[in-house]
Amino acid sequence: MKRIEHLLDTVAAIAIVLLCILITANIVAREVIQTGVPDIIIMVQELMIPAILFPLAGATAARAHIAIEVIANLFPAALNRWIAVIAALIGVVIASALLLAGWMEFWKTFNSNAHYGGVFMWPKWPGRALFVIAIAFFEIRLIHVLWVDLRAALSGKPAPEKL
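Everything quoted here is computed from the prediction, not taken from an experiment.

Analysis parameters
- The residue numbers shown here count from 1 along each chain, following its written sequence.
- Whole-chain, interface and lining totals are the exception, using all residues; otherwise, since this is a predicted model, local features are given only for residues with pLDDT of at least 70 and side-chain atom pairs are given and counted only at 80 or more.
- Calculated side-chain values reflect all of the structure's heavy atoms, with hydrogen atoms and water omitted.
- In this analysis an axis means a line fitted to C-alpha atoms, helices contributing only their contacting stretch, and an angle means the value between N-to-C directions, from 0 to 180 degrees.
- In this description a helix means any DSSP run of H or I spanning at least four residues, a strand means any run of E spanning at least two, and both kinds are numbered starting from the N terminus.
- Roughly parallel means an angle under 35 degrees; roughly antiparallel means over 145; roughly perpendicular covers 65 to 115; every other angle is labelled oblique.
- Handedness of a crossing is defined here by the sense of rotation of the near helix relative to the far one, left-handed for an anticlockwise turn of less than a right angle and right-handed for a clockwise turn.
- Gly counts as polar in this scheme, as do all residues outside two lists: the nonpolar Ala, Val, Leu, Ile, Met, Phe, Trp, Tyr, Cys and Pro, and the charged Asp, Glu, Lys and Arg.
- Here a helix's expected span is defined as the number of its residues, less one, multiplied by 1.5 Å.
- Working definition: with a 1.4 Å probe on protein chains only, accessible area under 20% of the residue-type maximum means buried, over 50% means exposed, and in between means partly exposed.
- Any pair of nitrogen or oxygen atoms within 3.5 Å is treated as a polar contact; in protein, a donor-acceptor pairing is required on top of that, and neighbouring residues in sequence qualify only through side-chain atoms on both sides.
- Here, two residues are considered to be in contact whenever any of their heavy atoms come within 4.5 Å of each other.
- What counts as a ring pair is set by centres within 6.5 Å for rings of Phe, Tyr and Trp (its six-membered ring), and what kind of pair is set by the plane angle: stacked under 30 degrees, edge-to-face over 60, tilted for all other angles.
- What makes a nonpolar core is a set of buried Ala, Val, Leu, Ile, Met, Phe, Trp, Tyr and Cys residues whose side-chain atoms join them at distances within 4.5 Å.

Draft legend 1. Seen up close, the packing of helix H5 (residues 77-112) against helix H6 (residues 125-155). Put simply, H5 and H6 touch, their axes get as near as 8 Å, and they point 160° apart. Judged on the interaxial angle alone, H6 and H5 are roughly antiparallel. The chirality of how H5 crosses H6 is left-handed. Split by residue class, the contact of H5 with H6 holds 27 nonpolar, 4 polar and 5 charged.

Draft legend 2. Seen up close, unusual backbone geometry. Positioned with a positive phi, Asp39 is a non-glycine residue whose angle comes to about 60°. Unlike most non-glycine residues, Asn113 shows phi in positive territory, near 55°. Relative to the assigned elements, Asn113 resides in the loop between H5 and H6.

Draft legend 3. Main features of H6. An ideal rise of 1.5 Å per residue puts 45 Å on 31 residues; H6 measures up with 45 Å between its terminal C-alpha atoms. Phi turns positive, to about 80°, at Gly156, one or two residues after H6.

Draft legend 4. Region of the structure containing the side chain of Thr60. By the secondary structure assignment, Thr60 is in helix H3 (residues 56-61). By relative accessible area, Thr60 is classed as buried at 4%. At 2.7 Å, the side chain of Thr60 and the side chain of His65 are in polar contact. Setting aside anything within four residues of it in sequence, one finds Thr60 in contact with His65, Phe138, Arg141, Leu142 and Val145.

Draft legend 5. How the structure looks around the packing of aromatic side chains. Per the stated rule, a full pass over the model turns up 6 aromatic pairs. An angle of 45° between the planes, with centres 5.3 Å apart, marks the rings of Trp103 and Phe106 as tilted. Linking Trp103 with Phe106, this pair stays in helix H5, spanning 3 residues, or about one helical turn. The exposure class assigned to Phe106 is buried, which follows from its relative accessible area of 12%. Ring pairing ties together the aromatic residues Trp103, Phe106, Trp107, Phe110 and Trp125, which thus form one cluster.

Draft legend 6. Quick look at the nonpolar core. Among the nonpolar cores identified, the biggest contains 11 residues, and these are Val85, Ala88, Val92, Ala95, Phe138, Leu142, Val145, Leu146, Val148, Ala153 and Leu163. When neighbours within four sequence positions are excluded, Leu163 is seen to be in contact with Lys2, Ala61, Arg63, Arg141, His144, Val145 and Val148. Leu19, Ile40, Leu47 and Ala51 belong to the second largest nonpolar core, which has 7 residues in total.

Have a look at this one:
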């Protein structure tokens, strides 16, 4: 799983670099030749999917999501372990709903051959597929976190800092 998360993080970094290049090229083109890069909005929109969503699985493994430690530190450790289990369970439910909706949207756009208007007529399904891939790996990692946290809560031992 670590290799897949590393690959997803690498693809996210490449997407960010491509975003920087595209936006810079668009700004330069607008200033120099008085026209922008064709379909720049669509390209940026599609690159934002891997840039934002691909690192989710790795962030979940590192337990690097936002937490309110000021409040959590007021509770006993045993209660915090059960709160972590409930949070992971809620995360799995939400990610499942997102995965199902993403899959249905991907399937609809793939079968309908839907595309964006514009110069290049980009198909819509690759972005939907990237969304499904990102959420699927995020959910797999959430299920792993749920399992680890549930074992920690039942045993009374602290859960590992990173997975």
